[in-house]
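Okay, here's what each chain looks like letter by letter:
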Amino acid sequence: MVQTYLKKIELASRAECRNRKKIRLILLILTIVGALFEIKDYKVMTITENAYNDGIRFQRSPSLEGIFGAFLMFLAACFGLFAVHGVFSDLTSKQNADIQLSLPMNAKERYLSKLMAVFKLHILPILTAGIAVILIGSAKEDAFDMMGYIVRFQLVTLAVALFVDSVSIFCMSCCGAKAEGIYTSIIMGGCISVLPIMFFMEAIIGFSGVDNTYSFYMNPFYVFGGSILTALEEVGTGIGATMPYILANLLMSFATLFAAYFIYRRRDGRHVGKPIVYSLFLELFMFTGLTTLFFVFVYTGGWSIGLTAALIICIVIRIILARAKITPIKFVIWIGKYATALAIFIVLMGAAYYTGGFGYYKVRYHMNNEKAINIEATAISANPSSAYTSSETKNRYFQRDFRTENTTAANDVTVPANCTREEAKQAVEDINDLIDRYHNLQDRDNESFLSIFTDNYSNWYYSHDYDYYNIRITISDLKFNTKYTANITLDDETEYEEFCSELSKILEESYTESYR
Amino acid sequence: MIEINNVTMKFDKNKGEKEDFTALDRVSINIPESCIYGFLGSNGAGKSTLMRLMCGVYPCTEGSIKIDGREVFDDPEAKGKIFFVNDETIQYSTYTLKDLKNYYKCYYPQFSEEVFDRLTEKLSLPQNKRMSQFSKGMKRQAVVVAALSCKTKYIMLDEAFDGLDPAMRKIIKTMIVDELMDRDAAMIVSSHNVAEINELCDRAMLIHQGHLIFAGEVDEIKSGFCKLQTSLGSRQMTKEMAEAAGLEVMQFSTLGSVAQMIVRGGAEDCLAKLKGLSPILLEAVPLTLEEIFIYELEVRGYGADILKEN
């Protein structure tokens, strides 16, 4: 019984694939050429030594051929949009709906057979190319760490391909016209890729003043769609560091495909031809797009231009979608919906602002198994005259290395331990206490909040006002990998002096950066 | 048997419209096995909608459609017994005949390659040419060949013969009838060409603005209407006199003293009713299905506005 069912699905998917020859050919060309360039890249991969205490550290950077190969694979991953559009043509073409909906299959079988067809057309070539690259890469390179990098690179491509397919299938299931199916997929895909990270960077990190994500690619919000960049980043951590995010990406794609099934199941021939079948999807699409635009414009600072541009884009899309007569009332409703999206965005930003990134400002660094850390603090007076002329208030710099074991530098010189583990832990906790005392939500006011829509919002925790003092505390390992940062802004000179005095009890004050 | 039971089909209202559009309103017919059933109706009457409902493209808003006792919508077993050829062939443009064969072979386990190869050879259809390069007639032939090769119990052809030249129509019709007769299959065909339905079908139904007007065997339908010519001599025959005699008059006209009328009912019955008026001329002329179609729709005001304007 199960075998018959699977055979039916397989046969139907075969029928779908056979009739997408052009798409299959294009995808095969992209993946084969992309894989060849990636394979070639491993031959010329550079390995540099940049050691300090943990032995040899590998740094890898794809060569031009490697980047071109990755670009082709990325293109192949994005080409899934057209594969999905072809396979799911029963959703947007009346003629195809007549044929496919009258075939002896129910909605579930049809959906599964189409998924399998997309897998064969799109995922399988990428997967095969990835496996080929891994196998040939492993034959060329003997380092286990190197394999981790290669596998990660291929998994990211696969994750992006699945992301493109799942978002496209979801959007196609909500649209009844070809054009809408394609452009909503592109816009939604783009917005979903950037929105979580923009939200995290601007509303959480931005308003909290602290950051323990210490590297862009380790950001927990950096999932679903955008992770291709992690593979292109020059990192030496192999597969382990990004694996959870790749897995999260894959899981979210599968969840999206699962959700799309329930939408697809509700579709029938009546919906074909309607630009957007479900009005809820239209509102979700518009809201996602507008929120992304708002974040972009808050970040770039062109808020007034941004608001107008967003409104125009919003109305243009609504006009395209409205296939019936456009009345003044409709215009008013559209502007009302735009205003609602803007209001929700402002409320969201307000909530983030007044709660210090939804409580994220309380996040502190705690020492775990690190052998050595470095703590540094830079205190800068925003007033240039006082910074350079006044002897009382000036830019000050504090730092200290905490080495709990002997460590080896690049030139094989052994650097001796300078503290016990408990001492290092205590220093970190003392710094945390200091941050706790001076980093709170008392400085939040409406005027400052509104300024995010008028001023350039690149660094919320750096005040250019004359009476302010900016202090940045950074905790890093001895390889310059930042683990934690806290930005504190003080507006009282006495407070500033007190803060520096406290710092000098934990760290050593110097006027030049130390050599590590 | 296909049982269409009290089927209503409504489409969501478009923006600017106050009510949902009712494409079919409480339509009930039964289509037995081994017959050729004709769907007649004006443009936009609901024929294609009914066909799409019968093959599971649309769900019924109300009522039910069962094929051999199974509800057709979303039921693979019921849909496996029916093949739908719609009024377009553009969806097959990129296919070659080989692709078409392989496509349907994957869906219909009973697909007969022998039938497909035999019929394509008989019709001299090129195997490896894309269907976009086929003439309209050739495309139709190819799709009909695919439909016959799937060996389903019911085949539905939506305006399948439209746009074909008479010779081609005859070839296709003969081919279909020969194949269907061999295996006791049924064909449901919709067309605007009433003469064709008259010639091809043993059963038919007429639908107008979503309402079923009549359905049954073609001979029975035709025997239910007749055209009468009568003259009362010096007296002028009027519509009222005919109606008073018990006739249901659908159309009435006079030419001199001779009155001509289309009435509902059997010829013998109608003649007997008029005999009481002592006519000097009384004869019944058999009606074609096309005449019945026109008169039935005229009675319902179809095209009346256009005719008035002209």
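Because the structure is predicted, anything quoted here is derived from the model rather than measured.

Visitor: Lay out the sheet that holds strand β1 (residues 2–11) of chain B with the relevant residues and their values.
Guide: All names here are of chain B. The antiparallel open sheet is built from 4 strands, whose spatial order is β2-β1-β4-β5. Strands with a single pairing partner mark the edges of an open sheet, and in this sheet they are β2 (21–31) and β5 (70–71). Alignment of strand β4 (residues 62–67) against β5, held across 2 bridges, turns out to be antiparallel. By the bridge assignment, K66 is partnered in β5 with E71.

Visitor: If you had to explain the interface of chain B and chain A to someone new, which residues and values would you point to?
Guide: On the side of chain A, 25 residues touch chain B, which itself brings 29 residues to the contact. Elements with a minimum of two residues in the side of chain B that touches chain A: α2 (76–79), β6 (82–85) and α3 (97–107) of chain B. Ranked by residue count, the leading element in the side of chain B that touches chain A is α3 of chain B, at 5 residues.

Visitor: If you had to explain the UniProt feature "coiled-coil region" (unreviewed entry) in chain A to someone new, which residues and values would you point to?
Guide: Under the UniProt annotation, the feature "coiled-coil region" (unreviewed entry) is placed at residues 417–444 of chain A. Here residues 417–444 of chain A is 64% helix and 0% strand, with 43 Å between the C-alpha atoms at its ends.

Visitor: Explain the sheet that holds strand β1 (residues 210–211) of chain A residue by residue, including any values.
Guide: Residue and element names in this part refer to chain A. Strands sit in the order β1-β7-β6-β2-β3-β8 across an open sheet of 6 strands; the sheet is antiparallel. For this open sheet the edge positions go to β1 and β8 (508–510), each flanked by a neighbour on one side alone. Pairing analysis gives 8 bridges linking strand β6 (residues 469–476) to strand β7 (residues 482–490), with the strands arranged antiparallel. Its bridge partner lying in β7, I471 is registered against I488.

Visitor: How would you sum up the pairing of β4 of chain B? Please name residues and give values.
Guide: Residues and elements named next belong to chain B. Two elements, β1 and β4, share 5 bridges in a ladder whose sense is antiparallel. Directly across from N5, in β4, lies its bridge partner S64. Taking the residues between adjacent antiparallel strands as the criterion, β4 and β5 are bridged by 2 residues, where D68 takes a positive phi near 50 degrees.

Visitor: I'd like a rundown of the domain arrangement of chain B, residues and numbers included.
Guide: Residue and element names in this part refer to chain B. One can read the domain layout of chain B as domain 1 (2–217) and domain 2 (224–309). Between domain 1 and domain 2, the C-alpha centre-to-centre distance is 36 Å. Counting residues at the interface gives 10 residues for domain 1, matched by 8 residues for domain 2. Every element with two or more residues in the side of domain 1 that touches domain 2 is listed here: α7 (194–200) and β9 (203–208). No other element matches the 4 residues that α7 contributes to the side of domain 1 that touches domain 2. Split by residue class, the side of domain 1 that touches domain 2 holds 7 nonpolar, 3 polar and no charged.

Visitor: Describe helix α1 (residues 47–54) of chain B, and please don't skip the residues or the numbers.
Guide: Residue and element names in this part refer to chain B. Burial runs high along α1: 8 of the 8 residues are buried. Considered for burial, the residues of α1 that qualify are K47, S48, T49, L50, M51, R52, L53 and M54. A positive backbone phi angle near 85 degrees is found at G56, which sits one or two residues after α1.

Visitor: Hey, could you go over unusual backbone geometry for me, with residue numbers and the actual values?
Guide: Residue and element names in this part refer to chain B. Unusually for a residue other than glycine, S34 sits at a positive phi of about 55 degrees. As for its placement among the helices and strands, S34 is situated in the loop between β2 and β3 (36–41). Its identity as a non-glycine residue notwithstanding, D74 has a phi of 65 degrees, on the positive side. Tracing the backbone shows D74 in the loop between β5 and α2.

Visitor: Outline the packing of helix α8 (residues 178–208) of chain A against helix α13 (residues 328–354) of chain A, listing residues and values.
Guide: All names here are of chain A. Taken N-terminus to C-terminus, the directions of α8 and α13 make an angle of 25 degrees; their axes are 8 Å apart at the nearest point. In terms of axis orientation, α8 runs roughly parallel to α13. Crossing handedness for the pair α8 and α13: right-handed. Note on element contacts: α13 touches α8 through L348, M349, A352 and Y353, opposite A203, I204 and F207. Split by residue class, the contact of α8 with α13 holds 7 nonpolar, no polar and no charged.

Visitor: Now, about the nonpolar core: what can you tell me, with residues and values included?
Guide: The biggest cluster of nonpolar side chains holds 207 residues, and the ones touching the most others in it are M54 and M156 of chain B. Considering every element that reaches this core, the biggest residue donor is helix α7 (residues 144–174) of chain A, with 18 residues.

Visitor: Pulling in residues and values, what's your account of the environment of R400 of chain A?
Guide: Residues and elements named next belong to chain A. Relative to the elements of secondary structure, R400 occurs in strand β3 (residues 396–403). By the C-beta count within 10 Å, which is 19 here, R400 ends up partly exposed. The spatial distance from the C-alpha of R400 to the C-alpha of L507 is 5.4 Å, given a sequence separation of 107 residues. In contact with R400, other than residues within four places in its own chain, are I375, L507 and E508.

What counts, and where the lines are drawn
- Residues numbered from 1 in each chain as written.
- Chains lettered and ligands numbered in written order.
- Predicted model: local features only at pLDDT ≥ 70, side-chain atom pairs only at ≥ 80, totals over all residues.
- Pairing = 2+ DSSP bridges.
- Helix = DSSP H or I, 4+ residues; strand = E, 2+ residues; numbered from the N terminus.
- Contact = placed C-beta atoms within 7 Å.
- UniProt positions renumbered as here; feature names shortened; annotations may be inferred.
- Domains from an automatic or database assignment.
- Nonpolar A, V, L, I, M, F, W, Y, C, P; charged D, E, K, R; others polar.
- Buried ≥ 20, exposed ≤ 12 C-beta atoms within 10 Å, placed from the backbone.
- Axes fitted to C-alpha atoms, helices over the stretch in contact; angles between N-to-C directions.
- Parallel < 35°, antiparallel > 145°, perpendicular 65-115°, else oblique.
- Left-handed = near helix turned anticlockwise from the far one by under 90°.
- Core = buried A, V, L, I, M, F, W, Y, C linked by C-beta atoms within 7 Å.

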